[in-house]
Each structure stands twice: as structure tokens, then as C-alpha cells.
Amino acid sequence: MIKLTAFGDEISPNLEIQMDTLASEGIYYIDLRGLGGKNVLQLSEEEIAEVKKSLDIRGFCISSIASPIGVNSITDDFTPQLNDMMRAIDLAKYFGTPYIRIRSFIIPKGENPLKYRAEVLRRIKELTSIAEQKSVILLLENDTTMYGDTGGRTLDILKSIHSTNLRFAFDPANFLRSSVLPMTQAYPLVEPYISYIHMKDARKDTGEVVPPGEGDAEIIKLLTTLKERNYSGFISIEPKGRPGIADRDFFLAAAKSLKRLLNKIGLKWDEHPYQDTYSHFSNSSAILKKHAPFPPACPQVISPETVDSWIPLTPLEKMAQTDYDVLIVGSGAGGGAALWRLCDQWRNKGKRVGMIEAGDLLLPTHVDNLGLLSRERAAQYITSITKPLGKTLPEFSGAKQVFALGGRTLQWAAASPRIPSYLISQWPIPKNELNIYYKIAEQVMNVNETFSKSSYPTRVILNRLWANGFINATSIPFAVDITPTKYGAIHSNTVFSSIHFLAEALNYRSFDLAVKARAVQLLIEKGKTTGVKVMSPDLKSYWIKAKTIVLSASTFETPRLLLHSGISGPAIGHFLIDHSALAANPIINRKLLPEDLGRIGILIPNTKENPYQIEFGIPDTPLQDGVEMIFHGYGNVEPRFENMLYLDPHRRDKYGVPKIQVHFNFSYRDRVVIQQLTAGMERVFSSLGFIEGRPDIYMRAPGDDNHESGTCRMGNDPYTSAVNRFGQIHGISGLYVADNSILPTLGANPTLTTVALAIRTADYIIHNTNN
């Protein structure tokens, strides 16, 4: 089945008029040549983006980039044509077409074309070589005054270069105006190379251009032959054949005349453009002979776009021109989870989803998944990309930040326990409902206990802990993909990071992503969010419009952005919580535990009776007498209004946003839990039976465990919480939070819970947007 397209600039220089006219004739493809009096190659990036946006809205596709390449004298400098070629390739990939129209260079009047044959072939061969490298297809059109004005010289070019990336656009009227009978003298020669038809007709005696079928260009014979040969490519309506000469009435007459001929001959055409343009183009001949002695050449699969990094990025300039249904600020665990869920549920809904990240592209996966980074080198690298925020926060001196795509999930320990039920019961969410989202989060993050359960010493350790009263002791649930590589499925990103969310989201649908994009202000109008002010590293400002905004910038940055935007709810920035964190590094006496160790990871969960969690293990299996274990203990800290984050009026960053200051201390109740935790860790040491001596236990600085939460806590009361049970800021429509800051309490590592809540928030947004 053929597809109809047209040179829109022969209708009008105005794109909207072009689309209105074409739509009235049921044509949704355009050969893009000129707009607003300019050739397509001369349009600015902003104009191109606006064209693409308009086409997408109306459901139009570009069938070819009708470039002016080759429409200059063969004696002119060739360099500008090469520059035009690169621009045309960029546009072809941007608009999703493999085809770029070229011509064969003007021969000086009165001179023998064969004098310039070698130079013509050299130039077109160089253009074709570039096309081969960039996976595009050049359409060589025959034209008067050009080297390729006859069937013989056109065949000479196509046959001499002999590339599947150089095809032929057959123009019957141009042959006629070169005193060549199109179907009698030209078509039999060039038939094997035809992949495109330019449809116009003319009178032989006067040269007057007329609607198809009313002249001498043998149009009926051409269409009949195309039907016989099962032609399935484009027929492009180019009624006048002169760029910039717009005549809407003549175009309509030509289109109607062509369709009458198609109907008369019985040549069917498809008026619906394909969404995946490339997969329906063939770079082999579109004309298939009856009873061909061998099959046609296989079509190349050409990617509609290329990317300059391991994830597609969108310029802020372009994002500022888009109205987003949802814009996510921050790409860590919560932001990644929300993006994944939105893309999963909105695969074909036509919604606009964007994400901005203040950091840059640093690692394409979790640091442990990179063989180049040993544990020591990985630690050194993480230190280099970590910002020690606590240097200016004396009461929260262990605080750290990582600004990067993926955030702190690039280097987290991957321990993923659930927050205990006795603490969840205090939240404004039904426990059964949260359990559903826990299951979804655990599934997508590959959370399992098997990873740290396989070694024999793990069973020994668990038996000893159970016998000494730690009946809840178990293997640490880690977010680690342990699925074997089989059935052709390769599992390379073993330890989970938010990059996994972004990758999965891209598999479902496209989204816009900008890095090094610092959100500095939220725009709220009449109680509803309308956009975000974003700044680039060169301090250029952009307003990005969005109906819904999801803040996932972190426990520090989310309230900072809210407060700087004048959104100062009673609880925003308050109720800062973090675990009281203890650490120890006891030495195993290998004589008392001689077995091969493997990876050991043990969890003693938080309970109401013992409000703390203990994790310990051995990440590697060194062959040495004394092996150092890693012990961490995390005690509950009660959420209190006076523990808070606030804006420092005396210090601002380079974007003009006030920096933060923190007031934090442990209450009497917190100190009692610290004492309980210390005693619990000592009981574990003695229960194991293979620890040398009495290990020292150290108090880690507040914030050092990366578990800070609570500064936009969730609740029903706007005076004691910042967001409601779905993560929406109280009193502001369309503004949500999906990071650790919404957790009302802590009783375990927060990442899994943050992911579960972010997915739940995304589902709420989807439900309300769809309704």
C-alpha cells in the first residue's frame, strides 16, 4: 500500500495552513522543505522545536527532509554542501525520517555534462559515505540543468556509487522538461533504484505544469506500472515543483486529481501515518518485480535518534517550551520510583513527564556493579563526589549530600528492611495498603534475603542468636538481583540503584530529563502549582510549566526549596529525625569460625520492646586469620518540633538560594534508647562466640548514616505535618513530596519505604489525572 505525502510549502509558507489543507485531503505526511519563507536547513533550533511540537499535536509525520543539497553549480565550493548535509541529518533524526532529498549539481549552461562526471560522482559518493555512517538514506531526484537530468546519467550515478543508502526519487515531469519520455526512456533504466515518487505533470509543448493526468508525463502509465510492481513507498504531491511558490488552490486540484486516478486504477493508499516511522521505511527498492528470481534486499533498521550520553537528555531550553503533566524534581530513590510508576501506567496515554536533576551524570549504575572500582577505590570515588554538608551544621555534623543522577542510591548499602508495624500503625495509611506497595517496591527492587543467606556461617550465626534470645534475627533483605543469567536475559546491574528505575521507565515510554538543572523556586498561583524556576550552571533561568510537581530533592533540599518559595507550612522543616547510630568493628577469631565465610549479612529487627535495629556482616571473604566485621546499630529518635531545618539568612549559594542550618539534639528518651542499643550490641558480641576481646562501640555523628527524614512529614493535621497521606502538600493542589522527608518515624533503613510511598503517590496522581 502506498503512502501519500506532499511538499507543504507549495500550499502555504504557514505550517498550520499546510496541515489544515493536507488534513482535509486525508494526508498526514509532509516533505519538509520550506516554512515562513526559509528553507528547513535555515530554521533555528527554537523554530524547529516549535515545528515538531505542532506536528505532534496534529498527528503529522515528516516523510523526508527536502534539502537544497546539490542544487548549486558543480563549480561552486563543495564545503557548504557538506555542512548542509550534517544539518539535514540532524533534522532527519529529530523528525524521525530516514530520507534526505538531494540533486546532482547544476552543469554550466552550454557545456557537456560528461566533462563534470568525475566531480559529480566524487561529491555524491562523499555525501553517500556520510549517509552510510549516519544511517540515513539519500533520495537523488532527477532535475533539469543537473547532471542527472536523463535516465542514462541518473543510472550512471546510482550504478557507479551502488549503495543502499543512495536511492532514487522518480520525477516524471522533470524528465519530460528535459525532453525525456518518463516511462519510455527513463523508467526502465532506473526502476531497480526507485524508493520515492515525486508526482507532478506537465505539457510537453509549453512546459506548463498541470494536475496529474492532464499533461504528457505519462502519469497513468506510471501509476499502472506501480500497481503491477506492488509499489509500497511514498508518492509525494509536488504540483508546481518550485520551492516558495505557494498556490493552495492548485495544490488541492492536483491532490484531488491524483486521488481520482488512484481510485480509477485501483491503487490503494494509506492515510494514517505510522508512529514508528523508521521501521516502515525500506532502503531497498520499493518496486518488487513479479516472479523476482531472488528476494529483495533486507531493509536496514535505522534508529530514529542518537544520544550523546548513556541516557537521553533534554535541554532546559526545550523543557521550558513544554507544558508537563508531571515534573519530578530529583532523581534519587523517591523520584526514580515515581517516574517509573508514571511511565509504567501512562505508556500510551500521551502524558508529558519530565525530570530535573541538580547533579550531573556520574555513574550509570551502583558503584558495586562496576568491576573497575574495587571496594577501596569505590570508597575513594564516593568520597570525592560527596558533599560534607555537616561541616557547616555543628548539631548535625555527619550530614552528607550526593548531587548526581541517581542520588545516594549510587552508593547505598542496599539493605531494605520494612519499617516495623508498631511504628506504621501511627501513620495515616492503612497498614494493609502500605503492605501492597511494599510488595511492589520489593519486586521492582529485587529485594530478597537469599543474597546474604547462602553461606554456612550465616546459619551458624543465626542459630547462636536465636539461642540467646534474638529470636527475630534473620538475613538482611538486600536489593540485589540474584537471578541467574539464563534464557538470554543478562543481569548486569546487580545492586539496585535509582538508575534502574530510569532505565525501566525508558523501556515503557520516553520522558524528558535535564541534569545540572537546579530548582530554585516553585510558582504557585491561587493555591495550585504551575511551574518551577530552574537555573543552569551558567546561572541562566528557565521557567518549566507543570500541572503537577513531585519534589524528591532530599530531606534537606525539599524543605529548603519550599521555604525559599514562600511555602511555609507550620511543620515544613520541623520534626527532623535520624537514627541514633552506633558502629563497631569487631575481629573474628578464625579458629573459632574456620568455615569459608562468603558474604554475611545479619539483621536484628526493631521491635516495640527493643526500639533499635542491628545490622552486621562481612562484605568480602578475605583469606586471613583475623577478619574485621562491620556492625551498625540504629536506635529510634522521637520526632520533635524543635529538631528542625531552617534557612540561614546570612549565607546563600551561587543560585541565590539561602543555605540551611539545623537545630538537632537527642531527647532524654532518645538517650535511653542509645543505652539499650549499646547493651544490645554487646549481647550480640557475646552471643556469637567468635569475637576477639571486647570491641569498642562508637557513636556516629548525627546524619552520618544517611537516614535523615521527617522535614516534610506525612499526617492528617496541617499543624503537625507538611503533607497528607498521599504526599500532597497541605493546601496546595498539584504539589507532592516523594523522598525520605515525608517519613513520620524511623525504625529501619528508609529507602524501601520511601520507594513504596513514592509509588503510592504516583498512583494517586495517575488516578486523579485520569479522572
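Please refer to the structure placed before this passage.
Now for a quick tour of the structure. Since we're looking at a predicted model, the values are computed, not measured.

### Observations regarding the pairing of strand E7 (residues 137-141)
Every other side chain in a regular strand lies on the same face of the sheet, so the side chains alternate between the two faces.
Then, in step 1: Burial runs high along E7: five of the five residues are buried.
Then, in step 2: Where strand E6 (residues 99-102) meets E7, four bridges bridge the pair, whose relative direction is parallel. Its bridge partner lying in E7, Ile 102 is registered against Leu 140.
Then, in step 3: Taken together, E6, helix H4 (residues 117-134) and E7 constitute a β-α-β crossover, and its handedness is right-handed.
Then, in step 4: Here E7 runs beside strand E8 (residues 166-170); their pairing, made up of four bridges, is parallel.

### Thoughts on the nonpolar core
Then, in step 1: Within the largest apolar cluster, 100 residues are counted, with the highest numbers of intra-cluster contacts made by Ile 356 and Met 445.
Then, in step 2: At nine residues, the largest contribution of residues to this core is made by helix H19 (residues 751-770).
Then, in step 3: Each residue touching Met 445, except ones within four places of it in the same chain, is listed here: Trp 412, Ser 416, Ala 479, Val 480, Phe 496, Phe 501, Thr 751, Leu 752 and Val 755.

### Looking at the packing of aromatic side chains
Then, in step 1: Applying the stated rule across the entire model yields 21 aromatic pairs.
Then, in step 2: Seen from their ring centres, Phe 631 and Phe 685 are 4.8 Å apart, and the 70° between their planes marks the pair as edge-to-face. Placement of Phe 631 in strand E30 (residues 630-635) and of Phe 685 in helix H18 (residues 668-688) is noted, with a sequence separation of 54 residues between them. When sorted by exposure, Phe 631 lands in the same class as Phe 685, which is buried.
Then, in step 3: Through a chain of ring-to-ring contacts, three or more aromatic side chains come together here, namely Tyr 29, Tyr 99, Tyr 196 and Phe 234.
Then, in step 4: Stacked on the ring of Phe 250, the Lys or Arg Lys 240 has its end atom at 4.1 Å from the ring centre.
Then, in step 5: Lying over the aromatic face of Trp 346, Lys 351 brings its terminal NZ or CZ to 5.7 Å of the ring centre.

### Quick word on the pattern of salt bridges
Then, in step 1: The tally for this structure, following the rule as stated, stands at 41 salt bridges.
Then, in step 2: Residue Arg 203 is joined to Glu 208 by a salt bridge in which the shortest nitrogen-to-oxygen separation is 3.6 Å.
Then, in step 3: When its relative accessible area of 32% is taken as the criterion, Arg 203 is described as partly exposed.
Then, in step 4: Between Asp 325 and Lys 547 there is a salt bridge whose closest N-O contact spans 3.7 Å. In this pair, Asp 325 is assigned in strand E14 (residues 323-329) and Lys 547 in strand E24 (residues 541-551), connecting sequence segments 222 residues apart.
Then, in step 5: On the accessibility criterion, Asp 325 (12% relative accessible area) is buried.
Then, in step 6: Connected via shared salt-bridge partners are Asp 9, Glu 10, Arg 33, Asp 171, Lys 200 and Glu 238.

### Here we look at helix H12 (residues 375-385)
Then, in step 1: All of the buried residues along H12 are Ala 378, Ile 382 and Ile 385. For H12, the angular spread of buried residues about the axis comes to 65°, placing them on one side. For H12, the exposed residues lying more than 90 degrees away from the buried face are Glu 376, Thr 383 and Ser 384.
Then, in step 2: Packing partners of the buried residues in H12 comprise strand E16 (386-387) and strand E17 (401-402).

### Some thoughts on the packing of helix H15 (residues 456-467) against H18
Then, in step 1: Running from N to C, H15 and H18 point in directions that differ by 120°, and their axes come no closer than 9 Å. Between H15 and H18, the crossing angle belongs to the class labelled oblique. In terms of crossing hand, the pair formed by H15 and H18 is right-handed. Between H15 and H18, the residues in contact are Ile 461, Arg 464 and Leu 465 and Val 684, Ser 687 and Leu 688, respectively.

### Section: the environment of Asp 648
Then, in step 1: Position of Asp 648 among the secondary structure elements: in strand E31 (residues 644-652).
Then, in step 2: Take Asp 648: its relative accessible area is 11%, and that puts it in the buried class.
Then, in step 3: In this structure the C-alpha to C-alpha distance between Asp 648 and Pro 658, which are 10 residues apart in sequence, comes to 5.8 Å.
Then, in step 4: If we ignore the near neighbours within four places in the chain, the residues touching Asp 648 are Pro 658, Lys 659, Ile 660 and Gln 661.
Then, in step 5: Polar contacts involving the side chain of Asp 648 include one to the main-chain amide nitrogen of His 650, which spans 2.9 Å.
Then, in step 6: A polar contact is formed between the side chain of Asp 648 and the side chain of Arg 651, at a distance of 2.9 Å.

### Observations regarding unusual backbone geometry
Then, in step 1: The phi angle at Ser 554 is positive, at roughly 130°, despite the residue not being glycine.
Then, in step 2: Assignment of secondary structure puts Ser 554 in the loop between E24 and helix H17 (557-564).
Then, in step 3: The phi angle at Phe 575 is positive, at roughly 60°, despite the residue not being glycine.
Then, in step 4: You can see Phe 575 is positioned in the loop between H17 and strand E25 (580-584).
Then, in step 5: Judged by its relative accessible area of 10%, Phe 575 is buried.

### Some remarks on the sheet that holds E8
Then, in step 1: One open sheet accounts for nine strands, arranged E2-E5-E6-E7-E8-E9-E12-E1-E13; its pairing is parallel. Strands at the two margins of the open sheet, each flanked by one partner only, are strand E2 (29-32) and strand E13 (269-270).
Then, in step 2: As judged from the two bridges shared by strand E1 (residues 2-6) and E13, these two strands associate in the parallel manner. Note on E13: the bridge partner recorded for Ile 2 is Trp 269.
Then, in step 3: Helix-sheet contacts for H4 involve E6, E7 and E8, and the interaxial angle to E7 is about 150°.
Then, in step 4: Helix H5 (residues 151-161) rests against E7 and E8 of the sheet, and its axis sits at about 160° to E8.

### A closer look at the sheet that holds strand E28 (residues 612-618)
Then, in step 1: A sheet is described by the order of its strands in space; here six strands give the open sequence E19-E27-E28-E30-E25-E33, paired in antiparallel fashion. The open sheet has two edge strands, strand E19 (474-475) and strand E33 (698-699), and neither has a second partner.
Then, in step 2: Bridge count for strand E27 (residues 600-604) against E28 is five bridges, and the pairing is antiparallel. Directly across from Ile 602, in E28, lies its bridge partner Phe 616.
Then, in step 3: Along the sheet face, H15 touches E19, E27 and E28 and points at about 20° away from the line of E27.
Then, in step 4: Where H18 meets the sheet, it contacts E25, E27, E28, E30 and E33, and its direction lies at approximately 35° from that of E28.

Rules of the game
Residues numbered from 1 in each chain as written. Predicted model: local features only at pLDDT ≥ 70, side-chain atom pairs only at ≥ 80, totals over all residues. Heavy atoms only, no water. Buried < 20%, exposed > 50% of the residue type's maximum accessible area, 1.4 Å probe, protein only. Helix = DSSP H or I, 4+ residues; strand = E, 2+ residues; numbered from the N terminus. Pairing = 2+ DSSP bridges. Right-handed = clockwise from strand over helix to strand, strands pointing away. Core = buried A, V, L, I, M, F, W, Y, C linked by side-chain atoms within 4.5 Å. Contact = heavy atoms within 4.5 Å. Phe/Tyr/Trp six-rings, centres within 6.5 Å; stacked < 30°, edge-to-face > 60°. Lys NZ or Arg CZ within 6 Å of the ring centre and 35° of its normal. Salt bridge = Lys/Arg side-chain N within 4 Å of Asp/Glu carboxyl O. Arc of directions from axis to C-beta. Axes fitted to C-alpha atoms, helices over the stretch in contact; angles between N-to-C directions. Parallel < 35°, antiparallel > 145°, perpendicular 65-115°, else oblique. Left-handed = near helix turned anticlockwise from the far one by under 90°. Polar contact = N/O pair within 3.5 Å; in protein donor to acceptor, adjacent residues only side chain to side chain.

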